[in-house]
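Here's the letter readout for the chains.
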Amino acid sequence: MAKTAIITGGSRGLGKAMAFKLGELGYNVVVNYRSEKSKVLADDVAEQIKSQYGVDTLVVRADVSKYEDCEALVKATVEKFGENIDCLVNNAGITNNCNWIDIEPAAYERVIATNLVSLLHMTHLVLPYMVNHSSKEEQCNVVSTSSVGGLTGVINQADYCAAKSGVIGLTRALALEYAGKGIRVNAIAPGMIMTDMLRGVNQDELNALAATIPQGYIGDPADIAGALGYILTATYLTGQVISPNGGFVLA
Ligand code: NAP
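Attention here is on the structure that accompanies the text. None of these values were measured; they are calculated from a predicted model.

## Overview of the sheet that holds strand S6 (residues 183-188)
Logical step 1: Read across the sheet, seven strands follow the order S3-S2-S1-S4-S5-S6-S7 without closing on themselves; strand pairing throughout is parallel. Only two strands of the sheet have a single neighbouring strand rather than two, namely strand S3 (57-61) and strand S7 (241-242).
Logical step 2: Two strands pair when backbone bridges link them, and S6 and S7 are joined in this way by two bridges, in the parallel orientation. From the neighbouring strand, Ala 187 faces S7, where its bridge partner is Val 241.
Logical step 3: Along the sheet, helix H3 (residues 67-81) makes contact with strand S1 (3-7), strand S2 (27-33), S3 and strand S4 (85-90), crossing S3 at roughly 160°.
Logical step 4: Here helix H4 (residues 105-133) sits on the sheet in contact with S1, S4, strand S5 (140-145) and S6, set at roughly 160° to S4.

## Let's talk about the site of the ligand
Logical step 1: Every one of the 32 residues lining the ligand counts as a neighbour, but Ser 11, Ser 35, Ser 38, Tyr 160 and Thr 195 are closest to it.
Logical step 2: Here an oxygen atom of the ligand sits 3.3 Å away from a polar atom, N or O, in the main chain of Gly 9.
Logical step 3: For the ligand, an oxygen atom lies 2.8 Å from a polar atom in the side chain of Lys 164.
Logical step 4: About the coverage of the ligand: the protein hides 97% of its 900 Å² of free accessible area.
Logical step 5: Mapped onto the shell around the ligand, the elements with two or more residues apiece are helix H1 (13-24), S2, H4, helix H5 (158-178) and helix H6 (196-199).

## Thoughts on the pattern of salt bridges
Pairs can form between side chains of opposite charge once their charged atoms are near each other.
Logical step 1: Overall, the coordinates contain ten salt bridges when judged by the stated rule.
Logical step 2: Residue Glu 24 pairs with Lys 21 through a salt bridge whose shortest N-O separation is 3.4 Å. You can see Glu 24 and its partner Lys 21 sitting in helix H1, three residues apart, about one turn around the helix.
Logical step 3: Taking relative accessible area as the criterion, Lys 21 reaches 18% and is therefore assigned buried.
Logical step 4: Residues Lys 80 and Asp 56 are paired through a salt bridge, measuring 3.5 Å at the closest nitrogen-oxygen approach. Residue Lys 80 is found in helix H3, and its partner Asp 56 is found in the loop between helix H2 (39-53) and S3; the two are separated by 24 residues along the sequence.
Logical step 5: Relative accessible area serves as the criterion here: at 40%, Lys 80 is assigned to the partly exposed category.
Logical step 6: Owing to a relative accessible area of 27%, Asp 56 belongs among the partly exposed residues under this scheme.
Logical step 7: Within this structure, Arg 12, Asp 196 and Arg 199 form a network of salt bridges that share partners.

So, how was this worked out
Residues numbered from 1 in each chain as written. Predicted model: local features only at pLDDT ≥ 70, side-chain atom pairs only at ≥ 80, totals over all residues. Heavy atoms only, no water. Pairing = 2+ DSSP bridges. Helix = DSSP H or I, 4+ residues; strand = E, 2+ residues; numbered from the N terminus. Contact = heavy atoms within 4.5 Å. Axes fitted to C-alpha atoms, helices over the stretch in contact; angles between N-to-C directions. Near = heavy atom within 4 Å. Polar contact = N/O pair within 3.5 Å; in protein donor to acceptor, adjacent residues only side chain to side chain. Areas by Shrake-Rupley, 256 points an atom, 1.4 Å probe, with all protein chains shown as cover. Salt bridge = Lys/Arg side-chain N within 4 Å of Asp/Glu carboxyl O. Buried < 20%, exposed > 50% of the residue type's maximum accessible area, 1.4 Å probe, protein only.

Structure (C-alpha cells):
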C-alpha cells in the first residue's frame, strides 16, 4: 500500500523538486501552497507526479503560518488518504532582506510565523497520527528545510536566521522525543540554490555569489531533493542536519 506524505510549499522551487522525489519513492503526495496565483503551479506538480510515478496526489491551499489552515490541511489529507500519515516535509518559507533597525515588526513576525511557527503547528497536528502507526520496521519521517542561515549568520536576514536556527532546535528536540516510537526527525540546510528566492538577484550579483562558493556554482533544487531521498532511506539517521551547500559552510 502506498504511503502518504505532506509537503508544505510544494508549488515551486525546492518544494516542487522534493514533491517529485516523494512521488518517485512511492508516496501519495499532498502538495500544499499558499497564494492563489500558485494554484496552477501546484495542480501541475500534482498532475505530473501522478503521471510519472503512478501514485495519487492531493492539492491543498493553506497558509501554514496559521494553525486553523494547518488543521484544514491535515484534515483534507486524512479524508483522502486515511490516518496513516508517513511523512511530513516542512518546506514553506519566505525571506526579508532588511537591516534590523528599519525592519517593520509585521515583516519579521511573518518570517518567524512562516519559517518556524508553521513547523510547530504541523508537527503538533501530524505527530499524533504518526505515533499511532509507526514502528522500528515501518518508520515515519519529519524532514524540515532549514538553511545555511540557520548554521551561520547572514547580514540583513536576522529574522530568517533566527527562524532557521529554530528549525534545527525543534528538529533535535523532536528527534529525541520520538526516536523510540519509530519516528525520525531531520533537517536539510541548503546553501544557495537557484529558485524564485534568488531570481530577483541580477547576474553580476549571482556571479559574485557563486564566486564565494568553494564548488564555484549555485546549486540546483535537485541537490536538495537528493538529500531528502537520502534522509528518507537512511533508517538509522535522526536529529541530523544535512547541508548541501557546495562547501559554503564547513561544519
Ligand atoms: P520559493 O521558490 O520562494 O518557494 C516557496 C514555497 O513556499 C512556495 O511553494 C510558496 O507557496 C510556499 N509558501 C510560502 N509561504 C507559505 C505559507 N505561509 N503557507 C504555505 N506555503 C507557503 O522558495 P525556495 O527557494 O524553494 O525555498 C523553499 C525552502 O527552502 C524555504 O523554507 C527556504 O527558506 C529554504 N531555503 C532556500 C534556499 C535557496 O537558496 N533557495 C536556501 C536555503 C533555504 P506559493 O507558491 O503559494 O507562494
